[in-house]
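Here is how the chains run, residue by residue.
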Amino acid sequence: MLRSIVRTPYVHSCLNLSHAPRKHVLVNPSAWRTLASSTKIPKLSDADLMRHYAFINNEWVLSHNAEAKFPVYDPATGEEIGQLPEMDIKDTQRAIQAASAAFPLWAQQTGKERHDLLKKWYDAVIAHKDDLATILTWENGKSYTEAKGEITYGASFFEWFAEEAVRAYGKVIPSPMTNQRYLTIKQPVGVVGIITPWNFPTAMITRKVGAALAAGCTVVIKPGAETPYSALALCELAKRVGIPEGVVNVVTTKKHVSDIGNELCTNPLVRKISFTGSTKVGKTLMSQASGTMKKVSLELGGNAPFIVFDDADVDAAVEGAIASKFRGTGQTCICANRIYVQKGIYPLFACRLAEKVGQFKVGHGFDPDTTHGPLIHSNAVEKVKKHLDDATSKGAEILVGGRHLGGNFFEPAVLSEMTSDMLIASEETFGPIAPLFRFSTEDEVLKLANDTPFGLAGYFFSRDIGRIWRVAEKLETGMVGVNTGAISNCYAPFGGVKESGLGREGSCYGLDDYMNIKYINMGGL
Ligand code: SIN
């Protein structure tokens, strides 16, 4: 069924008020697969960045069961990109051994030596940005422009943590005893098991690995089964710049994800687990890691509230909503999931947002016109459809978009008249649906915003300085965007509260998650 932008009266009148509406281009759903398939995959200028092996002890390796392989697909076309080793517990133990053997020497290097290597790795990533973005778009689907942005964002963690490597300061503690002096030093925790998702195939690795290596830890990485090639390309560059053998290891798998997760969590040689992914899996990993009392960093699911108050700059709020909601085609943990709009500004905001979203161009990430790529796989499409159908069956209206266009392509949508009994109010959609809820007062919206077990990011738009402080302090989230929908960078601490996780990544706090504090009491003075 054709759903057009002029369905709802206030959208209609708003469009009449503003400049002429752009035509909402509707494409025959069956044409999308063909369209995506006909897009050319750019050739890499450095073909060695595309590695079809796992990486252990600076060697490109197969599984001990050399025949075992799994395919990786282009989510835009469903075509196979290549095959990688289907590794298992035995392969993971081999990687852990390599990381464990490398740890003493790596930990003994000075912060300056680790700085120099991380800085070289950063330079190599930037120098190969275009190729790395090609690999990323190919396996993840995000637009090439967005992929290049992710490579720059990802590389920034190597640069940042190179600079932090030389600043792992301890403290001298004023002593109450004349014959004793107290001090602390920081030491690397040891081997770190790193489990990363497909939505940021590069940046979620660099954010963890940059901190781990700067601290003096060695790592075993299990990348998302959908997007392992980006991780392996980083390893190729690590080897070239001289990161010593065993410091960085990657095990690949699709079938043995939970076995490998369990091995990383229970193996006594591993001293820390860092995971980005769902809250459900995070809870499992945390309980598995408890047996050997590992340190854990968990960056888990969100259900981000995005609040627009009547006094907001409406155009800025629309830009912010687009930046937050539709980044990665709605597939980030900090995407706005519930957009609360105060009743006075609701019609105007809804109209402007719908108009902008109607201009998006969905397509293959390599098509230069594409603003938004496909979803990662059919399960993601099903979830988005389920949320949309649930909302419309309970009275939500589609202002724009909302069609499954074939394959993994889903038309970005804006829904209005949302209510809190709809699934989207309590579940993360992880897809391109912007659901608009109407509210009246600040107290009411704070209650609604905090009425969730999750607490990763929250956003709001207002120009009232008193309200800005009140709401920023009262939102139960680890991160708050005030008058902005883009909050992620290497300088600021990324992480959540409540069931959104533990620990902070990036920033001046990021190194601490990979270090132990040792207290030294010097007596008999
Ligand atoms: C995520 O979605 O997990 C990470 C988003 C970000 O780093 O901005």
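First, a word on scope: everything that follows refers to the structure included in this document. (Residues numbered from 1 in each chain as written. Predicted model: local features only at pLDDT ≥ 70, side-chain atom pairs only at ≥ 80, totals over all residues. Heavy atoms only, no water.)

**Details of the sheet that holds strand S20 (residues 457-461)**
Hydrogen bonds along the backbone pair up the strands of a sheet, which may run parallel or antiparallel.
Link 1 in the chain: Within the open sheet, the seven strands sit side by side as S14-S17-S18-S13-S12-S20-S21. Their pairing is mixed. The sheet is open, and its two borders are formed by strand S14 (397-400) and strand S21 (479-482), each paired with just one other strand. Pairwise comparison of adjacent strand axes, ignoring direction, gives a mean angle of 25 degrees for this sheet.
Link 2 in the chain: Summarising the sheet, strand S13 (residues 336-342) and strand S18 (residues 433-439) pair through four bridges and their orientation is parallel. (Pairing = 2+ DSSP bridges. Helix = DSSP H or I, 4+ residues; strand = E, 2+ residues; numbered from the N terminus. Axes fitted to C-alpha atoms, helices over the stretch in contact; angles between N-to-C directions.)

**Notes on the side chain of Asn337**
Link 1 in the chain: Tracing the sequence through the fold places Asn337 in strand S13.
Link 2 in the chain: On the accessibility criterion, Asn337 (2% relative accessible area) is buried.
Link 3 in the chain: Here Ile424 takes part through its backbone oxygen, which lies 3.2 Å from a polar atom of the side chain of Asn337. (Buried < 20%, exposed > 50% of the residue type's maximum accessible area, 1.4 Å probe, protein only. Polar contact = N/O pair within 3.5 Å; in protein donor to acceptor, adjacent residues only side chain to side chain.)

**Comments concerning the pattern of salt bridges**
Link 1 in the chain: All told, the structure shown has 22 salt bridges when counted by the stated rule.
Link 2 in the chain: In this structure, the salt-bridge partner of Glu299 is Arg207, at a minimum N-O distance of 3.2 Å. Here Arg207 lies in helix H7 (residues 203-215) and Glu299 lies in strand S11 (residues 295-299), a separation of 92 residues in the sequence. Arg207 shares its class with Glu299; the two are buried.
Link 3 in the chain: With a closest N to O distance of 2.9 Å, Glu417 and Arg438 form a salt bridge. (Salt bridge = Lys/Arg side-chain N within 4 Å of Asp/Glu carboxyl O.)

**Description of the state of the cysteines**
Link 1 in the chain: In the structure shown here, the tally under the stated rule is zero disulfides.
Link 2 in the chain: A disulfide-free cysteine, Cys217 has its sulfur positioned 16 Å from the sulfur of Cys265, the nearest such atom.
Link 3 in the chain: Under the relative-accessibility criterion, Cys217 is labelled buried at 0%.
Link 4 in the chain: Here Cys333 stays free of any disulfide, with the sulfur of Cys335 as its closest cysteine sulfur at 8.5 Å. (Disulfide = S-S within 2.5 Å.)

**Overview of the site of the ligand**
Link 1 in the chain: Taken together, the neighbourhood of the ligand is formed by 13 residues, with Tyr153, Arg207, Arg327, Cys333 and Ser488 sitting nearest.
Link 2 in the chain: In this structure, Asn199 approaches the ligand through a side-chain N or O atom, which is 3.2 Å from an oxygen atom.
Link 3 in the chain: One of the backbone nitrogen or oxygen atoms of Cys333 is found 2.7 Å away from an oxygen atom of the ligand.
Link 4 in the chain: For the ligand, the accessible surface in isolation is 260 Å², of which the surrounding protein chains cover 100%.
Link 5 in the chain: For the shell around the ligand, the residue count by class is six nonpolar, four polar and three charged. (Near = heavy atom within 4 Å. Areas by Shrake-Rupley, 256 points an atom, 1.4 Å probe, with all protein chains shown as cover. Nonpolar A, V, L, I, M, F, W, Y, C, P; charged D, E, K, R; others polar.)

**Things to note about helix H8 (residues 228-241)**
Link 1 in the chain: With 14 residues, H8 should reach 20 Å at 1.5 Å per residue; the first-to-last C-alpha distance of 21 Å fits that figure.
Link 2 in the chain: Burial analysis of H8 places 12 of its 14 residues in the buried class, which makes it a mostly covered element.
Link 3 in the chain: Of the positions making up H8, those classed as buried are Pro228, Tyr229, Ser230, Ala231, Leu232, Ala233, Leu234, Cys235, Glu236, Leu237, Ala238 and Val241.
Link 4 in the chain: Looking one or two residues past H8, Gly242 carries a phi angle of roughly 100 degrees, positive in sign. (Expected span 1.5 Å × (residues − 1).)

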